[in-house]
Amino acid sequence: MSGSNGNASAGVLRAADAAACASRGYEVQQLAARVAACADQADAALARLSGVEMGTWESPAGRAYRTALSLQAASLRRSRTALQEASAAVLRHAQAVMMSAAGTG
């Protein structure tokens, strides 16, 4: 009889593990959404940055300003790309955790 109790106990443990994995998977999905929101904010900042550019200002100060603005925009584009890639990686991890939860239960 103790063998069947052990199997029942293992089943309860596996179900608890699956529930914990599912919960972690959901939390990781939420993290992916927050990272994606950061990428969206970077997009919005890029749009505002392009609106600030003063193309008609031809003085040395205007050229220096446009150069600095261009460098900042390039950096922000790289950051946005990195955030998009990070969001995709976190989402893939969340899906792997959810698959693990499904396989455990």
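Fair warning: this is a prediction, and the values are worked out from it, not measured in the lab.

J.: Explain the overall build of the protein to me, and be specific about the residues and the numbers.
T.: Broken down by element type, the protein carries 2 helices and 0 strands. When contacts within the protein are restricted to residue pairs at least 6 apart in sequence, long-range pairs at least 24 apart make up 77% of them. As presented, the protein carries roughly 7100 Å² of accessible surface, and 61% of it is formed by carbon and sulfur atoms.

J.: Lay out the pattern of salt bridges with the relevant residues and their values.
T.: Evaluation of the coordinates by the stated rule reveals 1 salt bridge. Asp43 serves as the salt-bridge partner of Arg80, at 2.8 Å between the closest nitrogen and oxygen. Placement of the pair is Arg80 in helix 2 (residues 60-104) and Asp43 in helix 1 (residues 2-52), with a sequence separation of 37 residues.

J.: Provide a residue-level description of the environment of Ser70, including the pertinent values.
T.: Relative to the elements of secondary structure, Ser70 occurs in helix 2. As for Ser70 and Ser50, which are separated by 20 residues in sequence, their C-alpha atoms are 8.9 Å apart.

What counts and how
- Residues numbered from 1 in each chain as written.
- Predicted model: local features only at pLDDT ≥ 70, side-chain atom pairs only at ≥ 80, totals over all residues.
- Heavy atoms only, no water.
- Helix = DSSP H or I, 4+ residues; strand = E, 2+ residues; numbered from the N terminus.
- Contact = heavy atoms within 4.5 Å.
- Areas by Shrake-Rupley, 256 points an atom, 1.4 Å probe, with all protein chains shown as cover.
- Salt bridge = Lys/Arg side-chain N within 4 Å of Asp/Glu carboxyl O.

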